[in-house]
Amino acid sequence: MADRASAFAEIQDTFFSYVRGITYATMITVDRENRPRARVLLPVWEVVDGHPVGWLAVYKTPVKTAHLAGNPHTTYAYWSPRQNAAFVDSVSTWADDEESRHHAWDLYVEGGPPGVGYDPVRYWRGGPEDPEYHVLRIAPWRIQLVRGADLRSTLWYRDEETG
């Protein structure tokens, strides 16, 4: 049986603690035949108006582009050897506007949350204007946290949030 969080604030500290401790997430998309595809990436996170928002700096590959065009629903899975885990079910959309590109870039440099990120210039030498630099905006609708010590699970749903 899972506990329910009525507001993201109830799980925010634990979620960010898991993200900081694990860092990399497995991003899962599906192709047009509903076959899953996983890849390991490093999203950064923030809270906007009480809701989690993720950003993912990526190359706009043909596979990722096709998968998201067919179905923007994605899952980001974090897991640690201590069995702590976070599963973020979301909608991921391309955010190609200048403001989003710069905002995500800054979050990577500053850390989102603090301790999670990197200097993206290692991959995109042209900075946020580099033509190979693209950003996905991650809008979670469900987050499940699993505590490894006792496998206790807590669920948060965006549509049920009251706070």
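Data block above holds the structure.
Residues numbered from 1 in each chain as written. Predicted model: local features only at pLDDT ≥ 70, side-chain atom pairs only at ≥ 80, totals over all residues. Heavy atoms only, no water.

Participant: What should I look at first to understand unusual backbone geometry in this one?
Facilitator: For residues besides glycine, phi is generally negative; the peptide bonds are generally trans as well. Proline 113 follows glycine 112 through a cis peptide bond whose omega is -5 degrees. Within the secondary structure, proline 113 is located in the loop between helix H3 (98-110) and strand S8 (134-147). Positive phi, close to 50 degrees, is recorded for aspartate 49, a residue that is not glycine. Mapped onto the elements of the fold, aspartate 49 is located in the loop between strand S4 (44-48) and strand S5 (51-58). (Helix = DSSP H or I, 4+ residues; strand = E, 2+ residues; numbered from the N terminus.)

Participant: Just to check I follow, could you spell out the layout of surface pockets for this structure?
Facilitator: One water molecule sets the probe size; rolling that probe over the atoms shows where empty space is left. Put simply, the largest pocket is a space of about 200 Å³. Together, Tyr24, Val40, Leu41, Leu42, Ala57, Val58, Tyr59, Lys64, Tyr118, Arg122, Tyr123 and Trp124 line the largest pocket. For the lining of the largest pocket, the secondary structure elements donating two or more residues are strand S3 (36-41) and S5. Its residues assigned to classes, the lining of the largest pocket comprises 10 nonpolar, no polar and 2 charged. Among the secondary structure elements, those contributing two or more residues to the lining of the second largest pocket are strand S1 (3-5), helix H1 (9-22), S8 and strand S9 (152-157). Broken down by element, the residue count for the lining of the second largest pocket peaks at 4 residues, all from H1. Grouping the constituent residues of the lining of the second largest pocket by class yields 5 nonpolar, 2 polar and 5 charged. (1 Å grid on protein atoms, 1.4 Å probe; cavity = no way out; pocket = protein on both sides within 12 Å on 5 of 7 lines; lining within 4 Å. Points joined across faces, edges and corners; volume = space filled by probe spheres on them. Nonpolar A, V, L, I, M, F, W, Y, C, P; charged D, E, K, R; others polar.)

Participant: Which parts of the structure should I look at to understand the pattern of salt bridges?
Facilitator: As a working rule, side chains carrying opposite charge can pair if their charged atoms are close by. In total, this model carries 6 salt bridges according to the counting rule given. The partner of arginine 152 in a salt bridge is aspartate 3, with the nearest N and O atoms 2.6 Å apart. Of this pair, arginine 152 sits in strand S9 while aspartate 3 sits in strand S1; the two residues are 149 residues apart in sequence, bridging distant segments of the chain. Accessibility expressed as a relative area gives 38% for arginine 152, which makes it partly exposed. Two residues, arginine 147 and aspartate 150, come together in a salt bridge whose shortest N-O distance is 2.6 Å. Given a relative accessible area of 39%, arginine 147 falls into the partly exposed group. (Salt bridge = Lys/Arg side-chain N within 4 Å of Asp/Glu carboxyl O. Buried < 20%, exposed > 50% of the residue type's maximum accessible area, 1.4 Å probe, protein only.)

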